[in-house]
Amino acid sequence: MKNILLIMKNILLIPWQIIKKYVKKVNLTPGQNRKRVSQTLFFITIFLFVVFALRLTWIVATDQVSGVNLSTKAKRNVQETQVIQAKRGTIFDRNGVPIAIDSSKYTIYVITDKNYVNAKEERLYANKDDFKKIEKIFKDILGMDTKYVSEQLNNENLKYVYFGNKGSNVDFSTRDKIEKEAEKQKVRGIKFEPHLSRSYPNGQFASHFIGQAGLQDSDDESKGLVGQNGIEASLNDILSGKNGVQVLQKNKLGVPLPGTVESVKEAVDGSDVYTTLDSSLQTYLEGLVDKAEEGSEAQELVATLVKADTGEILATTQRPTFNPDTKSGLYKDFPWSNFLYQSNYEPGSTMKVFTLSSAINTNNFNPNDYYTSGEYVVDGQPIHDWDWSINPGGRTMNFAQGFAYSSNIGMTLLEKKMGDKVWRDYLERFKFGTRTNIGVSNEEPGLFPDNNTVTNAMSSFGQGIGVTQLQMIRGFLAITNSGTMLEPHFINRIVNDKKVRQVTPEIVGKPVDASAANQTLQYMVNVGTDPVFGTAYNPTNGTPFFQVNGQNVSVKTGTAQISENGSYLTGATSYLYSAVAITPTENPEFIMYMTIKLPSNWKLDYISDVANPILTRAMEMKDTLAVADTGLETEKIKIKSYIDEKPNKTAQELRREILAPVIIGNGGKIIKQSVSEGTTVNPNRRILLLTDGDIDMPDIYGWTKYDTEKFAEWMNLEVEFTGIGNKVIGQSIDMNTELSKNKKLVVNLGV
C-alpha cells in the first residue's frame, strides 16, 4: 500500500514539473506562453480525471481506504451492537421457594432531545406539554420534589435528564407503575436504564452458605453478575449463562432506534439450582439462633440440621451473619468464612461418639468394666477429667457411665486398649483429615493428629485434632445409618433447559458395623437420661435437656479448649461448647449439631433451646420433606479428561456436575480416571481418580463391580467376586492395608 501511494504521488507531480519546464523556456512571446499554458492545463485536467477515476475504481473494488474497511465503518454509523444479558440461574430451596433471584434495578431518566425520533419520524422525547405530567408522576410514585424535577426538565443544556438518588435503584414494580401511568397520560420520553442486581427475598437466610452475587467490576455490566462468596461463588459456572448479542439501527444522531433489530444471537440462561434447604425450617432456625446469640453473647455460633437417612442439609446458619439484600449486619472486620466447612477447630467431647463406636467395633469396650477417673499419665503428660478441679481424687464408674459423664480418662483408656495404630486407622475410616468435596469453595481438610502417644490419646476426647463441622456431620451420618457413611450434600437438583440432574444419597464407606453404630446410639441416650452421670441431664427439673415429643434422643455434649498461638486459652467460658442430638434413636430421622465459641456466659440451654424446637418442627414436617419427581428428562454428563489435574480441585468440580468422585492415593496429580474422556454418563456416577502418590487399600463399600474391577486392574490385583448383586458389601483386604503385600482381593457383592 505504501509503494502504491508513493507511485501515485510521483505521477501527480509530473504535470507541475512540465509546467515548470515550459515556464523556464525563453524567447517566447506572451501570446505563445499563454497558448502553451492553456494546452498544458487541458492535458493536466484530462490526466487528473483519469487518475481520480482509477482511484475511485480501486476503492470500489477493494472496499478499503488506508486499511480501513468502508462497509464496516458505514455500518457502525447506522448500527449499534448491544449485549443481551443472560439470566443468572435462580437458587431455590428444595420445594421451589426462591432464595436468590435476578432482580434488575433501574435508573430513571427523561429524554428532551427533539432529534430523538423513530424510523417513522414519530416523537420519542418529552416536550414542554409533558413536563407537568412527569412532575406529578415522579412526585406520586417516587416522592420527588416537584420543583427539583421542574428545574431538571427545563434545563436547556440537558438532553438526557437524570434525577439523582431518588431516580436510582428503582425496582421493577415501581418501573411498571411509572410506565403504566405514563402510558395512561400519553407521556413520552421517560426511559429506564437497567442495572443488573441480585435479590435475596428471604433476607437473613443461610447468608454465609448461600453467599452473594454482584457485578465483578463496580458498574461494568458486560460480564453480568458474578458469585462473590458462598455457593453463589462455588456454583458460579453453573448459575451463569452466556450473553447474547443484538444489532440495532441508529438514527442520524447515532441514537439506537427501538424496534429496528437486524440480527440476534440469543443469550443462554444459567441453570437453576435447587438446594436441600427447607425454607420453613431455615427461617425457624434463624430465629432460634438469634435468641441463642443474644443470650450467650458468643463470638461464633454454628447450627446445622441434617436429614439423617440421606445426608441432606435442611438448614444451616452461623453468627455473626448479615442480610444480603439490605447489607444489614456487615461491618469493617466482618468474618466472611463459612464456619460449616472453612474453619478448623478442636471438637472436644463430641468426638467421643467415634471413640466409643470404634472401641465397640474392635471388641475393646466392656460397658461393665470399672475404672477410677481423675488423672491418667501418658508418657509423662497428665490427662484430667473435666471435674478435676472439684474432684481431684476422681470417681469410680464403669465405661458406659464414663461415656455419659464425658470422661476423658475413660476415652483415653479405650484408645490405649485399641492401640494408637488401630485408633488412627478408625479416624481415617471416618475420614477425618479429608475434605468432603461436596462442591463448595475453599473447604478446609481438617488436621489429623500428630502420631505420638500423647496426641493420639488426646484426640480420643477431641483435643489435638482439627475438624470442620461438615466432617463431624459426615461421621454422625455413619452412626445414624447402621455404620454406612453418607456424604452430606446441599444440592437437591440442577435444572437446565427442561432437563434435570437429580442428586441421590452417596455412600462413602462403612467405618463400623451396624451393631457398633446402633449400640453407640443407645449409649448416647444415657447422656441425657442418667441422673447421676449424664452431662445432658438437667438436675434442676429432673428431665433431659434434649427432648423431642417423648422420643429417645441420642445426645453427646462437648467442651473443648481453644488453642491460640500454641497454647490454650484460659477463662471461665474460654471454650468451644457443642452438642449433637439425633432423633429418634431407634430409627434416626434428623441430626442437629451446634457449636458455640467463646460465649460471655454459658449454659447448655443455649443449645437445647435451639435443638429441641427445630427437631420437633422437623419431625412434624418429615412427611412433607420428600421432593416429588420433576418429570423432566435426565440430563447426561460428558466426562472430560482429568489427567494431570489436582485431585481435590477436580473432585469439587465433579461434585458440582452431580457426579461422585473418589480420590485414590495421596498424590498431588491425577494419573488415571475410571471413566474415559468423552463418555456420557448419568448423574451420581462414581468416578475413580488415581493419583501419583502412595496408595493403600481404600474402603470400597458401596462400589459397583465395574469400579472394583477397574481399581484391581490399576493395582494389578486378582479379584474374585462372591455373592449376588452389584454393590460391594465386604472386602478381604482391610482399609489402609498396604497393597504391595496382597495379590488377591475377594469382594462380597450384595444388593
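Structure shown above.
The rules we used
Residues numbered from 1 in each chain as written. Predicted model: local features only at pLDDT ≥ 70, side-chain atom pairs only at ≥ 80, totals over all residues. Heavy atoms only, no water. Core = buried A, V, L, I, M, F, W, Y, C linked by side-chain atoms within 4.5 Å. Buried < 20%, exposed > 50% of the residue type's maximum accessible area, 1.4 Å probe, protein only. Helix = DSSP H or I, 4+ residues; strand = E, 2+ residues; numbered from the N terminus. Contact = heavy atoms within 4.5 Å. Phe/Tyr/Trp six-rings, centres within 6.5 Å; stacked < 30°, edge-to-face > 60°. Axes fitted to C-alpha atoms, helices over the stretch in contact; angles between N-to-C directions. Parallel < 35°, antiparallel > 145°, perpendicular 65-115°, else oblique. Left-handed = near helix turned anticlockwise from the far one by under 90°.

Draft legend 1. How the structure looks around the nonpolar core. Within the largest apolar cluster, 120 residues are counted, with the highest numbers of intra-cluster contacts made by Leu-305, Phe-546 and Met-592. It is helix H18 (residues 605-621) that contributes the most residues to this core, 9 residues altogether. Setting aside anything within four residues of it in sequence, one finds Met-592 in contact with Leu-285, Ala-303, Thr-304, Leu-305, Ala-579, Val-580, Ala-581, Val-610, Ala-611, Ile-614 and Leu-615.

Draft legend 2. Structural view of the packing of aromatic side chains. Inspection of every chain in the model, using the stated rule, returns 22 aromatic pairs. Between the aromatic rings of Tyr-106 and Phe-192, the centroid separation amounts to 6.3 Å while the plane-to-plane angle is 85°, which identifies the pairing as edge-to-face. Taken together, the residues Tyr-106 in strand S6 (residues 105-111) and Phe-192 in strand S8 (residues 190-195) connect sequence positions 86 residues apart. The exposure class of Phe-192 is buried, given its relative accessible area of 11%. An angle of 45° between the planes, with centres 5.0 Å apart, marks the rings of Trp-386 and Tyr-405 as tilted. One end of the pair, Trp-386, is in the loop between strand S19 (381-384) and strand S20 (396-398); the other, Tyr-405, is in the loop between helix H12 (399-404) and helix H13 (408-418), and 19 residues separate them in sequence. Classification of Tyr-405 as buried rests on a relative accessible area of 6%. Taken together, Phe-354, Phe-430, Phe-432, Phe-476 and Tyr-593 form an aromatic cluster joined through their ring pairs.

Draft legend 3. Examining the packing of helix H4 (residues 128-142) against helix H6 (residues 172-184) more closely. In the contact formed by H4 and H6, the axes pass within 11 Å of each other and the chain directions differ by 150°. As judged from the angle between their axes, H4 and H6 are roughly antiparallel. Classified by chirality, the crossing of H6 by H4 is right-handed. When H4 is examined against H6, the residues Ile-137, Phe-138, Ile-141 and Leu-142 are found in contact with a partner set consisting of Thr-174, Lys-177, Ile-178, Glu-181 and Ala-182.

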